[in-house]
Every structure is written in structure tokens, then in C-alpha cells.
Amino acid sequence: MTNETDPGPGPDQQVSNGGTGPLARASVREPDESSPEVVTASSTDAAATSSEKPSGKPEEKASEPAAASPAAPANPFAGIPVSDYVRDGVAALLLFVSLTMPWDLGHPASDKVEVILVSVLSLLSLALPYLARTGVLPTTWTVHTTRRARLLANAPYGLLVGVYLVLDLVNGTAGNGWGGLGTGLALGLAGAVLAAQPRQAELGPVDQDRAVTQTWVKVLIGLGALAVVGAVVAFVFSLTLGLGVVGIFARLVVAVLAIGLVGLPVWGVLRKQESWRLVLVGLGIALAVLFVLNTGSLLVSYESLRGGQFGLLLVPAVAAVAASPAVARSTTSESPVRTWVAVAVNTLDLVLLVAAVLVVRAILWLAAGLSGVVVILALVLGLLMVGVTLVARRALARDAVSGRTLALGGAGVVAVLAIVLVIVVANQAGLGIGVGIDLLLLAFGLPAITAFALMVPAEVRTHFAENRPASLVGADAAPSAYVWQPPAPRPARPQPAQEPVAGPHGDGTYATGPDGHRPVAGAYEQDPVAPASRPTSAQPYSPAQQPAQPVSQEPYRSAQPTQQPTQQPTQPVAQEPYRPAQTQQPAQPVAQNQQPYSPAQPQSQPVRPVEQYQPTQVLPAQGVQSARPVQPAVQERSGYAARPGYAAQAAGETAVLPAYQDPQPVGFSAAQALDPSTPLEVLAQIVQEAPHLRPQVAANPSTYPALLEWLGNLGDPAVDAALRSRGR
């Protein structure tokens, strides 16, 4: 005989079928001879009644062949969700662990008989639904009976906790061993609350089973109010301890911490915010773990109403109530992603609260005359925690996708700073400062909740995997932080300015090509046959005042004798000063007779045509190397060889100079410089060996950031235009 465990009507509403046992909540119809039926049970007790059907005629076997043979017995625990098993296991674990922990200042929980008895009663209540499903309990036992029996079985534990609260309030300073409340009481009460609450499989529809939700919301309000009122009462009693102004403010800060950690989450649950309910559950789990791991610490393991500190011991029990399925149905939830992001934001609010309390306590320590590394470090690190948390919370609340990384980083920074402070405080004895629950929450509890909310839920991981934040430095520059790239070539060092020399075809300024470059070094060599050149007739060269002159087509005219510049790194090519002719006629080219030029003789011969010049002679440069081929600025003069490659013109005509061609390096092309698949090493080689392709490299989307920065420092207008076209 089995028992129904789903919520439904009472025993008087159950219909028996020939006395064979209880049936489902649904009404049972008598089987029809032409259309026989089998009476089915509810989803949670289907196996118990699936084999029960009224005896029918032989044609029933033809219509339902499966019913002809006896069905295998189904699992009586089918339909129980995993969360119910987890809730039972956690409740049992807390009840067992509480027996090993301190119950009050003078006794562990295992030394008190009354504590052991109520713990055993709570443990037995966990077996009620399983006994009912296996048919051990009477047939009149229903799910409503199970819920009432479980609640009554755990009520003694709550009454015992209330008794010890009163004893602490009355005998807290008597020294008779009855004062104080330990973490064993906190964990045992949380286990009893978990054992007493209804399970997910025992809840009916929301519109038909609202009473259970209202009941457990009232329990949540009661425990939260007890924690808040207890914190206020503890502060009031601290005023009678003669602590002084600084001590009173210290107790006030402790009370504010307890009220904030309990009141803010409970208020959020009452406002039907699912995120605050999850924060409260996470906070209770964190405190329970910290209580277990710090059993020997007086600052963590004990609280007292008469001692001026109370409230945090009840947080695990309040969290156990919030974890109830009945309370979970009272909150409204948005999408899972929004809910978990709100959990992280709310947890960062609690981090701000605890960090601010740490800063205020450090200031109070300084006011009390305490000094040293611990006090200064607590103040400095506390301020850093506040600043980091403010930035992380603001970024996450504004945009979850872009702020998630910053929020995780902020939580990690807070954890690291708090762990450092915990280590320092633990190793500084004799200062009256210890590792309290606030430091432990900053080091381990609250950052862990934030990281869990932003990394563990499957919906959150899927959402952030599909919505990655945009890079802050640009898509082309982001990989440079974690992907190897060849180093950018260093910009060429600027060469010192050189004084102009008398070129073969100029007036003392450098001849430039169409691209504005100077002549290539070594383009011309000295001709041992050519006579010594005469100095230019231009004015003294000043790099700051005289820019390069454009190519002139006017005939050469004599000028004043050349003057030596005041600061000249190199000597002019001419070996003696130029003396102009005494006549007013323009200077005449020297006859093509291979004789050295004599500046003392006046020039009286007519100008010779261009075709009589020999195109094999070059400028005899003395002491100066030119950088590129020098183009003639005017008609060539006697004593200088004509430039190779220039066709002779008829007499009376002006020589036409060929267009300047910048030497093209072999092996590189504009298409290669623009190709995104060109290797990065080749791009770096192109900008070095093919300067004319630098704009194409700057426009290549694959060019790495270091090379783009190098190109931008060159000051080339074409390169700058290419960089602007890509958004730099």
C-alpha cells in the first residue's frame, strides 16, 4: 500500500476502487465494457495505481495488451527534483556539524543534552516524505500532513534558540557559563530551518497553494527583524559598558554592519527582487563556511547581546528561509542573465558597505591611539577597496557586456587586498586588533559571490560568449597585447644639415627630384680629367633663411664673389675665390678645350651651343658627397661636363631635362604592400627598402600597430593621409 505525496484533496475526497487502495486526486470513472479504462494516479504516485484496474471482459486484453501482464513496480521516489535531495543533504550536514562547534562561551553543542535531542528530532523529520512514499505511514497520510509534521518536528530547535537568547540577555555578564552565543547555534538553526521548510515536490499550484508562501515569507521577516533588533539591542547595552566615545562609535559601526548585511537583502526579497534573494542565499553559505573554518577565533565564533555585538550569527538561518521554494515563488525574475548581473551588482553594494566599515574602524583605531603597520594598512587598503568597487560597480551597472571584465577584476583586486590585510593582522599580536568577519567576507565571501554570478551560470556564460566587448584600443591594435609581432623598425636618425656646394647645374642650392629627396650619395664620382670647379656666386647659405630654390630656366649670370659662411661643416669645392669679369656682360661659357678655369681672365667668348658639350664629364666634388643625382638648374657652363643621358639640342634651343625617376627597388610592388596576407616581416622590410610604398603599407589593414606608429612619426603627408583613411 502506498501513500500520496503530491498536494491534493484530503482523504475524504479520495475514491477507492474495490478497496484495493487510495487512488489519484482525479475522479475515477467506472470502466465501460466497450471502452475499458485503467484508473491512473498523479504524477508523483503513478506507479502505485497504474496496475490497478477493474476487472473487465476478455476484449480488454485486446485493447490494452500491456495491462494483461503485471507491470514492474515503479520507483516510489519518481518525481522528486534534485533540489529536494540537496536540501535534505545540506540540512543533515549542518545539524551534524553544529554538534562539533561552540554553542555558547563555555560549552560546545555536544555537551548539551537538550541540543542533541532537538538535533535528532530535526534529523528524523527529514525522513518523513520518503517513509510516506514507501507506504510505511498510514493511508490517510497526505502531503499536507507531511508538511505539518515536518514543521512541528523542527519547532523545538527554534524554541531552544530563543531560550538561549534570553539567557544571554539576562546572564551575559554573570560569568556563570550561560552567556554568549556560538556558531554551533547558528549552523544548527540553519539546518533546522532547511529541514522544516516544504520541498519543491510538495508544493501545489501557485493560485491554490498561496498559504505556504505567505507563511514562509512571514518566517523570513521574523528572523530578519530578530537580527536587526538584536543588533540595536546589543548597541544599547554597549552604552552601559563604559567604553568611552571611541568605543561607543566602534560598537555603532559593528551594529551598522550587521543591520546592513541582513536588512538590505531581506528588504530586497520583500520587494520581490530575485537578485537579492540569491545574494542572501550566497551570503548565508559564505558565512556558514567561514564559521566552520574559523571555529577557534573569538571574533568570529561568538556574539552576545550583552557584549555589544549580535546579528551575523542569524544570517545563515535567514538565508535558509530565503532558499525555500515557497519564498522563491514570491519573487519576480527577469531573464536569467539580467538576474545574475543584478546579483553581482548587489554583491558589490555589500562590498562597498563592508569596505567602508573597515575604513571607519581604522580611523577609530587611530583616534584611540593605536598606530603601526596594521592601522595604516587597514586605512589605505580600505580606501583602495572602496575606490575599486565603485568603479567596478558603475561599469557593470551601466553595461554588463563591457563592464563584466572590470567587475571581475575589481572583485579580484578586493580579494587580494583583503587577503594581504588578513595575513598582516594575523601576524601582529598584542594590538587588540584581530581578524573579524568583515575582513573574511572581503577576502573570500563577497568576491566569490560576484565571480560566481558572472562566470558560473550557463545562461550567463552563453550570453557573454555571444556578446563580447569591443576592444578599447581598436580591433587592429588589440591583439598586440598577447600576440607576438616583429618589432617595428626604428625611424632613421636625422642627418645634420650640410652646406650647399657649387653643383654642376645650380646656384649653390641642392637640386631635388620630384619627390623632394636630395641626391643619392655616391651618384657621381670625381672626374680626374675635369678641371677644378669654381665657387658659386650665390649669397652665403643660411639653412634657416634660405629654402631650396626651384629649378630655374634662366641663363647663368655672374654674381658677387662667394663669401664664407660663418659656421660651415664642410669647405666649398672651390679652391680660390671667384672674381667676376670687369665688363657688365653676362658670364660666358668656357670654350670646350679641356683647359682649367682661370678666374682672373674676363669672359668674352659667346655662348656655345649645348650640343658641343661632352656628356662624360662630371662635377669634381672635393670633400662633399652628394646624396642623389643633381639635375641642372640652368644651361651648362664651360669647364663642366654635360650630364649623361641628356640629348643635345640644336643651337639656340633650350635643353629639355628628362623627368626625374625615383629608383624603384626590385621585388616589391604596390599590390604586395596593400595585400592583407603579406607577412608582417615583409611589410617591415618594404617600408625600409621601398619608401615610395609606405602609403600603401599604412593603408594595409594587416599592418601591426607598432609599424603604424612608426609610419605616423615620419611626417610624410601621403602616409598621414593613408593613416587617416583607416581611422587612426
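Along every chain, residues carry numbers that run from 1 in the direction the sequence is written. Thresholds applied to this predicted model are a pLDDT of at least 70 for local features of residues and 80 or more for the giving and counting of side-chain atom pairs; totals over whole chains, interfaces and linings are not thresholded and use all residues. Neither water nor hydrogens contribute to the side-chain values; these are computed over all heavy atoms in the structure.

Caption draft 1: Main features of the overall build of the protein chain. Runs of E in the DSSP output that reach at least two residues are strands. Runs of H or I that reach at least four are helices, and both are numbered from the N terminus. Check the secondary structure of the protein chain and you find 23 helices and 2 strands. Here the term buried applies to any residue with accessible area under 20% of the maximum for its type, exposed to any over 50%, and partly exposed to those in between, with areas from a 1.4 Å probe on protein chains only. Split into buried and exposed, the 728 residues of the protein chain put 43% on the buried side. Contacts in the protein chain between residues far apart in sequence, at least 24 positions, make up 73% of those at least 6 positions apart. Put simply, the protein chain shows about 37,000 Å² of open surface, and 61% of that area lies on carbon and sulfur atoms. Should any heavy atoms of two residues lie within 4.5 Å, those residues are considered in contact. Here the Shrake-Rupley method, with its probe set to 1.4 Å, supplies the accessible areas, and only the displayed protein chains count as covering residues.

Caption draft 2: Geometry of the nonpolar core. Throughout, nonpolar core names a set of buried Ala, Val, Leu, Ile, Met, Phe, Trp, Tyr and Cys residues whose side chains join them through atoms within 4.5 Å. With 113 residues, the main nonpolar core has W103, Y157, L261, F291, M385 and L396 as its most contacted residues. Ranked by residues supplied to this core, first place goes to helix α14 (residues 336–367) with 17 residues. Here Y157 is in contact with L95, S98, W103, V115, V118, S119, S122, G184, G188, L189 and A192, once residues within four sequence places are set aside. Among the nonpolar cores identified, the runner-up in size contains 19 residues, and A673, L708, V719 and L723 belong to it.

Caption draft 3: Structural view of the pattern of salt bridges. For salt bridges, the criterion is a side-chain nitrogen of Lys or Arg within 4 Å of an Asp or Glu carboxyl oxygen. If you walk through the whole model with that rule in mind, you get 8 salt bridges. Residue R87 is joined to D84 by a salt bridge in which the shortest nitrogen-to-oxygen separation is 3.5 Å. Here R87 and its partner D84 are both found in helix α3 (residues 82–98), 3 residues apart, which amounts to about one turn of the helix. For the salt bridge of R150 with E202, the shortest nitrogen-to-oxygen distance reads 2.8 Å. Taken together, the residues R150 in helix α6 (residues 143–171) and E202 in the loop between α7 (183–196) and α8 (210–238) connect sequence positions 52 residues apart. A relative accessible area of 0% means that R150 is categorised as buried.

Caption draft 4: Local environment of the packing of aromatic side chains. Stacked, edge-to-face and tilted are the three classes for Phe, Tyr and Trp ring pairs, Trp counted by its six-membered ring, which pair at centre distances within 6.5 Å; planes under 30 degrees apart are stacked, over 60 edge-to-face, the rest tilted. Across all of its chains, the model carries 5 aromatic pairs by this definition. For the pair W340 and F452, a centre-to-centre distance of 5.9 Å together with 65° between the ring planes defines the contact as edge-to-face. Taken together, the residues span a long stretch of sequence, with W340 in helix α14 and F452 in helix α17 (residues 437–455) at a distance of 112 residues. Connected via pairs of aromatic rings, a cluster forms that spans F77, Y85 and Y130.

Caption draft 5: A look at the packing of helix α22 (residues 705–712) against helix α23 (residues 717–725). What counts as an axis is a line fitted to C-alpha atoms, over the stretch in contact for a helix, and the angles between N-to-C directions run from 0 to 180 degrees. Across the interface, α22 lies against α23 with an axial gap of 9 Å and an inter-helix angle of 135°. The angle between the axes of α22 and α23 places the two elements in the oblique class. Of the residues in α23, those touching α22 at L708, L711 and G712 are V719, D720 and L723. Residues of the contact of α22 with α23, tallied by class, amount to 4 nonpolar, 1 polar and 1 charged. To sort the angles, those under 35 degrees are grouped as roughly parallel, those over 145 as roughly antiparallel, those from 65 to 115 as roughly perpendicular, and the leftovers as oblique. Note that Gly is not counted as nonpolar here; it falls among the polar residues with everything else outside the nonpolar set of Ala, Val, Leu, Ile, Met, Phe, Trp, Tyr, Cys and Pro and the charged set of Asp, Glu, Lys and Arg.

Caption draft 6: Inspection of the side chain of S119 at higher detail. Topologically, S119 is positioned in helix α4 (residues 113–125). Excluding anything up to four places from it in sequence, S119 contacts L95, L99 and Y157.

Caption draft 7: Examining the layout of surface pockets more closely. Grid points spaced at 1 Å and placed over the protein atoms alone form the basis of the search, with a cavity being a set where a 1.4 Å probe fits but cannot get out and a pocket an open set showing protein on both sides within 12 Å along at least five of seven lines. Lining residues have an atom within 4 Å of a point. Grid points are joined across faces, edges and corners, and a volume is the space filled by probe spheres set on the points. Here the second largest pocket defines a volume of roughly 760 Å³. Along its surface, the second largest pocket is lined by 31 residues, and R251, V254, L299, Q309 and R361 are the ones closest to its centre. Sorting the residues of the lining of the second largest pocket by element identifies α9 (244–270), α11 (298–301), β2 (302–303), α14 and α17 as the ones contributing at least two each. Here the lining of the second largest pocket takes 7 residues from α9, the largest share from any one element.

Caption draft 8: Quick peek at α6. In a helix, the anticipated span is given by 1.5 Å times the number of residues less one. Here α6 is 29 residues long and its end C-alpha atoms lie 43 Å apart, about the 42 Å a rise of 1.5 Å per residue gives. At every residue, the bend is computed as the angle between two fitted axes, covering the seven residues ending there and the seven beginning there respectively. Maximum bend of α6: about 30°, positioned at N154, with proline P156 one to four residues after it.

Caption draft 9: Fine view of helix α10 (residues 274–293). With 20 residues, α10 ought to run about 28 Å at 1.5 Å a step, and its terminal C-alpha atoms sit 29 Å apart, in line with that. Where burial is concerned, most of α10 is hidden: 15 out of the 20 residues are buried.

Caption draft 10: Representation of the packing of α3 against α4 within the structure. Here α3 crosses α4 at 165°, and the two axes come no closer than 10 Å. One finds that α3 runs roughly antiparallel with respect to α4. For the element pair α3 and α4, the recorded crossing hand is left-handed. Taking contact as the criterion, the partners of A92, L95 and F96 in α3 are, on α4, S119, S122 and L123. Crossings are classed by handedness, with left-handed meaning an anticlockwise turn of the near helix from the far one by less than a right angle and right-handed meaning a clockwise turn.

Caption draft 11: How the structure looks around a nonpolar patch on the surface. In this analysis, a patch consists of residues with relative accessible area above 30% that form no salt bridge, clustered at 9 Å for like charges and at 5 Å for the nonpolar side chains Val, Leu, Ile, Met, Phe, Trp and Tyr. Where nonpolar side chains cluster on the molecular surface, the patch consists of V245, F249, L252 and V256 and spans about 360 Å² of accessible area. Among the structural elements, L252 can be located in helix α9. The exposure class of L252 is partly exposed, given its relative accessible area of 34%.

Caption draft 12: A look at unusual backbone geometry. Phi is positive for K272, which is not a glycine, with a value near 65°. By secondary structure assignment, the location of K272 is in the loop between α9 and α10. According to the relative accessible area criterion, K272 is partly exposed, its value standing at 43%.

Caption draft 13: Just the confidence of the model for the protein chain, in detail. Values of pLDDT, the confidence the predictor places in each residue, fall between 0 and 100. Averaged over every residue, the pLDDT of the protein chain is 74; the share at 70 or more is 62%. In this model, residues 1–68 is a region of pLDDT below 50 whose contacts with residues beyond four sequence positions or in other chains number 96 contacts.

Caption draft 14: Structural context of the environment of G224. Tracing the backbone shows G224 in helix α8. In this structure the C-alpha to C-alpha distance between G224 and G263, which are 39 residues apart in sequence, comes to 6.8 Å.

Caption draft 15: Representation of the side chain of S275 in the model. Within the secondary structure, S275 sits in helix α10. Take S275: its relative accessible area is 10%, and that puts it in the buried class. Setting aside residues up to four positions removed in sequence, S275 forms contacts with T339, A342, V343 and N346.

Caption draft 16: Summary view of the environment of L446. For L446, the location among the structural elements is in helix α17. Measuring from C-alpha to C-alpha, the distance between L446 and L287 comes to 10.0 Å, with 159 residues separating the pair along the chain. Those residues within four positions of L446 in sequence are excluded, and the remaining contacts are L283, T347, L350, V351, V354 and L441.

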